[in-house]
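# Residue-level structure breakdown
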Amino acid sequence: MFNFLKGLFKENPIFVLALGLCPTLAVSTQVVNAIGMGAGVIFVLIGSNIMVSLLKNFIPDEVHIPAYIVIIASFVTIVDLLMQAFLPALSSSLGVFVKLIVVNCIILGRAEAFASKNNVKDSIVDALGMGIGFTVGLLIISLVREVLGAGTITLFPMGDFSGVIKIPGLYDAPARIFSLSPGALLVMGFLMAGFNWLLSKNKNKEN
Amino acid sequence: MTYVGIIITYVFISNMILSQFLGLCPFIGVSKDTDSAVGMGFAVTFVMSMASLVTWIIYHGILVPLNLEYLQTIAFILIIASLVQLVEMSVQKFSPAMYKALGIYLPLITTNCAVMGIALINVREEYNILESFTAGFAGGIGFLLAIFLMSAIRVKLDKERVPRYLKGAPIAFVSGGLMALAFMAFDRALLTNLIG
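The rules we used
- Residues numbered from 1 in each chain as written.
- Chains lettered and ligands numbered in written order.
- Predicted model: local features only at pLDDT ≥ 70, side-chain atom pairs only at ≥ 80, totals over all residues.
- Heavy atoms only, no water.
- Patch = residues over 30% accessible without salt bridge, like charges linked within 9 Å, V, L, I, M, F, W, Y side chains within 5 Å.
- Areas by Shrake-Rupley, 256 points an atom, 1.4 Å probe, with all protein chains shown as cover.
- Salt bridge = Lys/Arg side-chain N within 4 Å of Asp/Glu carboxyl O.
- Helix = DSSP H or I, 4+ residues; strand = E, 2+ residues; numbered from the N terminus.
- Buried < 20%, exposed > 50% of the residue type's maximum accessible area, 1.4 Å probe, protein only.
- Contact = heavy atoms within 4.5 Å.
- Buried area = accessible area lost by both parts, 1.4 Å probe.
- Nonpolar A, V, L, I, M, F, W, Y, C, P; charged D, E, K, R; others polar.
- Polar contact = N/O pair within 3.5 Å; in protein donor to acceptor, adjacent residues only side chain to side chain.

## Some remarks on a nonpolar patch on the surface
All names here are of chain A. On the surface, F43, I78, L82, F86, L87 and F156 cluster together to form a nonpolar patch covering roughly 560 Å² of accessible area. Broken down by element, the residue count for the nonpolar patch peaks at three residues, all from helix α4 (residues 64-86). Its relative accessible area of 64% is what places F86 among the exposed residues.

## As for the interface of chain A and chain B
Of the residues lining the interface, 34 residues belong to chain A; the matching set on chain B comes to 33 residues. Note on chain A versus chain B: buried area summed over both sides is about 3,100 Å², and carbon and sulfur give 85% of it. Taken as a group, C22(A), V103(A) and L185(A) account for 20% of the area that chain A buries against chain B, more than any other trio of residues on that side. Taken together, the elements giving at least two residues each to the side of chain A that touches chain B come down to α2 (21-27), α4, α6 (105-115) and α8 (181-206) of chain A. No other element matches the 13 residues that α8(A) contributes to the side of chain A that touches chain B. Among the residues making up the side of chain A that touches chain B, the classes are represented as 27 nonpolar, six polar and one charged.

## Comments concerning the environment of N12(A)
Residues and elements named next belong to chain A. Its place among the elements puts N12 in the loop between α1 (2-8) and α2. Here N12 falls in the buried class, since its relative accessible area comes to 1%. Spatially, the C-alpha atoms of N12 and L82 are 28 Å apart, while their sequence positions differ by 70 residues. Within the structure, the side chain of N12 is placed 3.0 Å from the backbone nitrogen of I14, a separation counted as a polar contact. Within the structure, the side chain of N12 is placed 3.2 Å from the backbone nitrogen of F15, a separation counted as a polar contact.

## Some thoughts on unusual backbone geometry
Residue and element names in this part refer to chain B. The backbone phi angle of N67 is positive, close to 55°, even though this residue is not glycine. Mapped onto the secondary structure, N67 falls in the loop between α3 (34-63) and α4 (72-94). Positioned with a positive phi, E126 is a non-glycine residue whose angle comes to about 55°.

This is the structure we're talking about:
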């Protein structure tokens, strides 16, 4: 349980460890992109953690990084092909960032720091915790950016519901800058500061 | 697109860091002082140019004729990892002075999104071999420009009083955001006006 929760808060990959930032900022213009990206990362993270944990006794130490990279790249290719086949719209709006999951430091970091030293069960729990922590971080950023920058919240369309929630007031006059690149960096900076504040408040309570 | 157009595009308009967010980790991590920022910038420029060239040759020379395009992610990451290793070894052997300046940054470049990013962008934009090389080189120069400016800002920031929770990475992001705001002045319209 501890392994699972640490990824959400104390070792949140985005706000505390500052890992995997490139995709985070680039795809966070719409909530639906954040969900898609988060799901992709969780899948790759679980897959690679399982494989690395299973193969940890067979991979020679000298070549362990290239071996991990090949494992990760295979799972990324699976995600990429599945997304192109079943969710073409999402795949085209994420663009090269699906393939760039392969250089996402979180995944190699977890393979190296956790899965290569622990058993399969713990590795899956660790991957889930980190993956969900990443997705939650991504969701927070994209929610702030989309609500302020476009005045909408875009989700998956279901039945009569078009998938887009319009926020009165903001929809007619959004602060467009938040959807553009400078907004991403600004939102990220202030959210990180907010997270620092929360963590330090938490620490004071524990003492 | 003309070669000048590609250079202007990747240095200013779609700057790797400030508009595409590729290579943010070193942008925040290695920008604390100007010397290491410039070292990292040159190392990235070098690897990006080489990687654009090699990935183009492998993609169009091997993967396309054999209908293996779906292997591109695995192939590219392996090419980049071995290229970085090769560059590191050859620089160490032939130019110890350069190795001293760039050596410690080279291993970090394997997981730099900018290198993988430019290889994928070259495929997406269907550039020919020289255009790919130009895009890689210009992307690297854009990276160098952004990380150099950032390090200059951070050296100044060290001397200022920054609110406690904004210290370190958060204030770097905010400064980066303001820089990106300035870079928004470079857009497609500028390119059309410049070279028609």
